[in-house]
Amino acid sequence: AMALAAAGARVGVSGRNDEGLARTLSEMPVVAAGPHEMLLQDHVDAAAMERSADALVARLGTVHVFVANSGGPAPGFLIDAGAAELEKALRQHVSTAQGVMQALAPGMRAAGYGRVVAVTSTSVLVPLRGLGVSNVVRAAMGNWVRTMAGELGRFGITANMVMPGATRTGRLDALVQGRAARAGSTVQEVEREMVARIPVGRLGPPAEIAAVVAFLCSPAASFVNGAMVPVDGGQMAVQG
């Protein structure tokens, strides 16, 4: 959101944490296109998200960019996950993205310009141990993006995915703490093992993910469509 606003976009941020959304809005730069928007909505409720997107279009007109970046499912092994857990995660990611895109696509087609970016994970290509439900859902989102790329490209609408590697976020901190607790080791030891597998020798800051997303949303990326872009310090290049 910050990167897109810095590029001059009027941005709508969506989620269920009203304090977090309000804080984000307060920190975003003012743009000439108009005030930024907040959509307080649980992404698990796909029908409500679609209604919110319809209302946004009715109020503002064409929305040119859609970044699908919902939170990751809880860690755990896939064999231990119930069907309800899988269905919830699929609603949160795939069903919600589908509903929002159906609301936004007519305006994008009419404008001859649209950008869809899904923030997924390197698990689209290589499943991550202990993130069973996430592996399944991220892969489903990957095929959703590629299908959209094939169907909508002729209208000037591109669809791509960004696959972050180990990025310094609250979710990564929680996963590292859980892994350390299960292994009887320290957080520092787990992080050192993680960094040792990354060719650039460090974790990624969120701003580096944002920079790639902002590029894919820009006119400069008009011939990039259906791409799977790892932003992982080279880890996929040496591991799979």
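Because the structure is predicted, anything quoted here is derived from the model rather than measured.

**As for the overall build of the chain**
Part 1 of the argument: Scanning the chain from N- to C-terminus turns up 9 helices and 6 strands.
Part 2 of the argument: Dimensions of the chain, computed from the C-alpha atoms along their principal axes, are close to 55 × 40 × 35 Å.
Part 3 of the argument: For the chain, buried positions account for 41% of its 240 residues.
Part 4 of the argument: Taking all contacts inside the chain whose residues are at least 6 apart in sequence as the whole, residues at least 24 apart take part in 71%.
Part 5 of the argument: Element-wise, carbon and sulfur atoms account for 57% of the exposed surface of the chain, whose accessible area totals about 12,100 Å².
Part 6 of the argument: Measuring between centres, the 20 positive side-chain charges of the chain sit 4 Å from its 18 negative side-chain charges.

**Looking at the packing of aromatic side chains**
Part 1 of the argument: Tallied over the entire structure, the rule returns 0 aromatic pairs.
Part 2 of the argument: Positioned above the aromatic ring of Phe155, the side-chain terminus of Arg109 is 5.1 Å from the ring centre.

**Some details on the sheet that holds strand β5 (residues 157-164)**
Part 1 of the argument: Spatial ordering of the open sheet is given by β3-β4-β5-β6, a layout of 4 strands whose pairing is parallel. Edge positions in the open sheet fall to β3 (65-68) and β6 (228-231), since each of these has one partner strand only. Each strand axis lies, on average, 20° off the axis of its neighbour in the sheet, ignoring direction.
Part 2 of the argument: Inspection of the sheet shows strand β4 (residues 114-119) paired to β5 by 6 bridges, in the parallel sense. Note on β5: the bridge partner recorded for Arg115 is Thr158.
Part 3 of the argument: Here helix α4 (residues 83-111) sits on the sheet in contact with β3, β4 and β5, set at roughly 165° to β3.
Part 4 of the argument: Packing against the sheet, helix α8 (residues 206-216) makes contact with β3, β4, β5 and β6, and its axis sits at approximately 170° to β5.

**Notes on the side chain of Glu191**
Part 1 of the argument: Structurally, the position occupied by Glu191 is in helix α7 (residues 187-196).
Part 2 of the argument: Here the side chain of Glu191 touches Arg168 through a polar contact of 2.8 Å, side chain to side chain.
Part 3 of the argument: The contact partners of Glu191, leaving out residues within four places of it in the chain, are Arg168, Val176 and Leu203.

**A look at helix α3 (residues 46-60)**
Part 1 of the argument: Look at α3: 21 Å from first C-alpha to last across 15 residues, which is about the 21 Å you get at 1.5 Å a residue.
Part 2 of the argument: Of the residues making up α3, those classed as buried are Ala46, Ala48, Met49, Ser52, Ala53 and Leu56. Buried residues of α3 fall within an arc of 160° about the axis and therefore sit on the same side. Exposed and oriented more than 90 degrees from the buried face of α3 are Arg51 and Ala58.
Part 3 of the argument: One or two positions beyond α3, positive phi appears at Gly61, with a value near 95°.

Conventions used here
- Residues numbered from 1 in each chain as written.
- Predicted model: local features only at pLDDT ≥ 70, side-chain atom pairs only at ≥ 80, totals over all residues.
- Heavy atoms only, no water.
- Helix = DSSP H or I, 4+ residues; strand = E, 2+ residues; numbered from the N terminus.
- Buried < 20%, exposed > 50% of the residue type's maximum accessible area, 1.4 Å probe, protein only.
- Contact = heavy atoms within 4.5 Å.
- Areas by Shrake-Rupley, 256 points an atom, 1.4 Å probe, with all protein chains shown as cover.
- Lys, Arg positive; Asp, Glu negative; His and termini not counted.
- Charge placed at Lys NZ, Arg CZ, Asp CG, Glu CD.
- Phe/Tyr/Trp six-rings, centres within 6.5 Å; stacked < 30°, edge-to-face > 60°.
- Lys NZ or Arg CZ within 6 Å of the ring centre and 35° of its normal.
- Pairing = 2+ DSSP bridges.
- Axes fitted to C-alpha atoms, helices over the stretch in contact; angles between N-to-C directions.
- Polar contact = N/O pair within 3.5 Å; in protein donor to acceptor, adjacent residues only side chain to side chain.
- Expected span 1.5 Å × (residues − 1).
- Arc of directions from axis to C-beta.

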